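Each chain is listed here by its residues.
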Amino acid sequence: MAEDSQRNFRSVYYEKVGFRGVEEKKSLEILLKDDRLDIEKLCTFSQRFPLPSMYRILVWKVLLGILPPHQETHPMVMVHRKEQFYDVHHALQVMRFINDTTPQTEVFLRMHQLETGKLSQSHTCLLEPEDEFFLVVASMMEEMVDDEVDCYWLTKNFVHHLDTKFRDSQAAMQKGFEHYLNLEDNRLVAHLETCNALEKLPYDLWFRKCFAGCLPASSLQRVWDKLVSGSCKILVFVAVEIVLTFKMKVTTLNKSDSINEFLGKIPEDNTDPIVNKAIDLWHKHCGIPAHSV
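Rules and cut-offs
Numbering of residues begins from 1 in every chain and follows the order in which that chain's sequence is written. With pLDDT at 70 or above as the cut-off, local features in this predicted model cover only qualifying residues; side-chain atom pairs require 80 or more to be listed or tallied, and sums for whole chains, interfaces and linings still use all residues. In computing side-chain properties, one takes all heavy atoms of the structure into account and sets aside hydrogens as well as water. Secondary structure elements are defined from DSSP: runs of H or I of at least 4 residues count as helices, runs of E of at least 2 residues count as strands, and each element is numbered from the N terminus. The buried label goes to any residue with under 20% of its type's maximum accessible area, the exposed label to any with over 50%, and the partly exposed label to all in between, with areas taken from a 1.4 Å probe on protein chains only. N or O atoms within 3.5 Å of each other form a polar contact, as long as, within protein, one can give a hydrogen and the other can take it, and as long as residues adjacent in sequence are counted only when both atoms are side-chain atoms. Between two residues, a contact is recorded if the distance between any of their heavy atoms is within 4.5 Å. The span you would expect from a helix comes to 1.5 Å times its residue count less one. In summary, the pairing rule links any two rings of Phe, Tyr or Trp, Trp by its six-membered ring, whose centres are within 6.5 Å, and it sorts them by plane angle into stacked for under 30 degrees, edge-to-face for over 60 and tilted for everything else. Charge-over-ring placement is defined geometrically: NZ (Lys) or CZ (Arg) within 6 Å of the ring centre, and within 35 degrees of the ring normal.

The name given to the protein chain in an unreviewed UniProt entry is TBC1 domain family member 7, with the source organism recorded as Aquarana catesbeiana.

## A look at the side chain of asparagine 157
Mapping asparagine 157 onto the fold places it in helix α8 (residues 148–165). Asparagine 157 gets classed as buried once you look at its relative accessible area, which sits at 14%. Side-chain polar atoms of asparagine 157 contact the backbone oxygen of leucine 64, separated by 3.0 Å. Aside from chain neighbours lying at most four places away, what touches asparagine 157 is Leu64, Gly65 and Ile66.

## A look at helix α7 (residues 129–144)
Helix length check: α7 (16 residues) gives 23 Å between terminal C-alpha atoms against 22 Å at 1.5 Å per residue, within 8%. Elements that come into contact with the buried residues of α7 comprise α4 (53–63), α6 (104–115), α8, α11 (203–208) and α12 (217–228).

## What to know about the packing of aromatic side chains
Tallying each qualifying case throughout the model produces 15 aromatic pairs. Ring geometry for phenylalanine 85 against phenylalanine 108: centres 6.3 Å apart, planes inclined by 70°, an arrangement best described as edge-to-face. Separated by 23 residues along the polypeptide, phenylalanine 85 in helix α5 (residues 74–94) and phenylalanine 108 in helix α6 bring together distant segments of the chain. The interplanar angle of 65° and the centroid separation of 6.2 Å between the aromatic rings of tryptophan 206 and phenylalanine 207 together place this pair among those described as edge-to-face. For phenylalanine 207, a relative accessible area of 5% translates into the label buried. Site record: aromatic cluster; members linked through ring pairs are Phe85, Tyr86, Phe108, Tyr152 and Trp153. Lying across the ring of tryptophan 153, arginine 81 places its NZ or CZ 4.4 Å from the centre.

As structure tokens, then:
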């Protein structure tokens, strides 16, 4: 108890003097010193705190199964990941599906299709919805990750993670959005209902595409921290906070199409405060996971 009190005191002190997150960073570094990383504790940390940018890629790679918990195997595993990447890349070049001018996101998609047995014999096949989702995730990962091998594996495993864990959650998230928005501002919900807009909001962009293409990468990666660590509900509260933030604009619009269009292309200059408030709102309604080092 005394140790916890001291830790809380230090956290408040650091925040007051402008070093918010110093204690959290130290806690994560303690977790990352273990020979065998504790997945559950890493998930809990990621749920409770923003991941420091210098450790984000490592934590994501571990939580998404790209790297195993045992740290001593990481260099060897990444050698195999790189070999697999370049083998598949070379195969697509030989088959003339890609060349030096092919956009990297498309290269990643073709690699994924080849690995999953979904590569069409036609070089000009139409994109399926899941292909479009893969491309938009890859595009955002490009902005977050410098290394092309890491970028591919993170895109591939992130998409798989969402597909296996949250495939059937969109309807529930839409209901959750309506529920929590009503708790926060029932008059705003009444306005959306009057405009017949509540059923026509950009739910596909918000919940299926996880705000890729809606929020800039710098803000979005903090939302994806929560997705990677196992919670899709954060998406609900980001959507709620977007509507609350632009309440004044939304209430001046009386057509569902114009409301949908505006909320799908929100201004990017204040997305960090939106994400901050969304995370606070998420913790307010869902609680804060316990965490002990």
